[in-house]
Amino acid sequence: MSVNKIVELLGTEGESLLAHECNTIPKSMIHLPGSDFVDRCFAQTNRTPQVLKSLQSLYGTGNLANTGYLSILPVDQGIEHSAGASFAPNPMYFDPENIVKLAVEAGCNGVASTFGVLASCARKYAHKIPFIVKLNHNEFLSYPNTFNQIEFGSVEDAWNMGATAVGATIYFGSEESERQIVEIAQAFERAHELGMATILWCYVRNNGFKKDGVDYHTSTDITAQANHLGVTIQADIIKQKLPTLNGAYPAIGFGKSHPKMYSELSSDNLIDLCRYQVANCYMGRNGLINSGGASTGNGNTDIQDAVKTAIVNKRAGGQGLILGRKAFQKPMKEGVEIINLVQEVYANDEITIA
């Protein structure tokens, strides 16, 4: 996607994002994405040659192959949000094969989904596109609804179906977070033993994170700390929601913070907010991919949101987008197009790190 097209699509906001200069954490301190990222940042770690092979497979597949950037299709909403709510806008995706087909057609680096979805077509596709098996989910059928990630299968089962990586979610800040941290740390250790890469959905969740009408679940100070916990349990790649504000710690009055977190290490600019998330992924040694977010049902709005998020993530030093509902809740052709537009942002050398 050309810079001119971005400005045409996003207007003055696009111009502002493309022109922004980061004066918080300089890019010279960040381990930036690149074709040599696996060699430069993972080869010196405790990851085994088999894990390095899996990571290189992820970074080396699809339209963004060997750029250091990732475009991943995630479809676990059939459990997380109910299959009906997720697939009613486009019933073809009740058939798991179409989920994998969308990722292949769109030139994604990998497809992330449930044990059932990926197992149903593993022999046909596991050697064609990297599988990322989600180990746990919020089952969302209990009444009243609970919000608790529970394991749905084993790491060994993911390995047996040919998975390149496993993924998991932790609800940091929730009552169940301590159990989830222990479970997923152990699961990621086993995945690495078997040679698979690991991706962690690092979400914060607690009703107390809403105060005085402000929702701090996308505040960069606490989401970045979730990232830091995620890389601590050796997630290779962190998936996080794009930050939209800051100041959760002082507003809610918990945890520990430092004034410089708000005065020097970040600002109100979205790119600076995201840069702080990257910094908490060991200064970019572990890749940060941001969420594409929900679909509005409006194709043009979804495209604008996706392109904007990609620009923010890339200019902050992140490594890509994990785009689901904006793609699979549309006809396949339109889903492929929106994923490809996001990939064009990452492939465009004119869009630089801020």
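What comes next is a walk through the structure.

Criteria and thresholds
Residue indices begin from 1 for each chain and proceed along its sequence in written order. Residues qualify for local features only when their pLDDT is at least 70, as the model is predicted, and side-chain atom pairs are given and counted only at 80 or more; totals for whole chains, interfaces and linings, by contrast, use all residues. The side-chain quantities take in all heavy atoms of the structure and omit both hydrogens and water. Put simply, DSSP H or I for four residues or longer makes a helix, DSSP E for two residues or longer makes a strand, and each gets a number counted from the N terminus. Each residue is assigned to one of three classes by its accessible area relative to the maximum for its type, calculated with a 1.4 Å probe on protein chains only: buried under 20%, partly exposed between the two thresholds, exposed over 50%. Whether two residues touch is decided by their heavy atoms; if any such pair falls within 4.5 Å, the residues are in contact. Here the open area of atoms and residues is found with the Shrake-Rupley method and a 1.4 Å probe, where only the protein chains shown may cover a residue. Here a polar contact is taken to be a pair of N or O atoms separated by no more than 3.5 Å, where protein atoms must pair a possible hydrogen donor with a possible acceptor and residues adjacent in sequence count only if both atoms sit in side chains. Only when DSSP finds a minimum of two bridges between them are two strands counted as paired. A right-handed crossover is one whose linking path, passing over the helix from the first strand to the second, runs clockwise when the strands point away from the viewer.

**Describing the overall build of the protein chain**
Scanning the protein chain for helices and strands turns up 17 helices and 12 strands. A burial count over the protein chain gives 55% of its 354 residues as buried. At a minimum sequence separation of 6, the contacts of the protein chain that also span at least 24 residues come to 73%. Of the accessible surface of the protein chain, which amounts to about 14600 Å², a share of 51% is contributed by carbon and sulfur atoms.

**Things to note about the side chain of Thr-218**
On the secondary structure map, Thr-218 appears in the loop between strand 9 (214–215) and helix 11 (220–232). In this structure the side chain of Thr-218 is engaged in a polar contact, spanning 2.6 Å, whose partner is the side chain of Thr-244. Beyond its immediate stretch of four places on either side in the chain, Thr-218 contacts Thr-223, Lys-241, Leu-242, Pro-243, Thr-244 and Leu-245.

**Looking at the pairing of strand 10 (residues 237–240)**
Burial along strand 10 is two-sided: Ile-237 and Lys-239 facing one way and Ile-238 and Gln-240 facing the other are all buried. With three bridges connecting them, strand 7 (residues 197–204) and strand 10 associate as parallel partners. Across the sheet, Leu-200 pairs through a bridge with Ile-238, a residue of strand 10. In terms of strand pairing, strand 10 meets strand 11 (residues 287–291) through four bridges, oriented parallel. Residue pairing across strands places Lys-239 opposite Ile-289, the latter belonging to strand 11.

**With respect to the pairing of strand 7**
Taken across its eight residues, strand 7 has eight buried, putting it largely inside the fold. Burial of the side chains of strand 7 extends over both faces: Ala-197, Ile-199, Trp-201 and Tyr-203 are buried on one face and Thr-198, Leu-200, Cys-202 and Val-204 on the other. Inspection of the sheet shows strand 6 (residues 165–172) paired to strand 7 by eight bridges, in the parallel sense. Residue pairing in the sheet places Tyr-171 in a bridge with Tyr-203 of strand 7. At this point the chain moves from strand 6, through helix 10 (residues 177–193), to the parallel strand 7, and the crossover so formed is right-handed.

On their own, these measurements won't tell you what the molecule is for.
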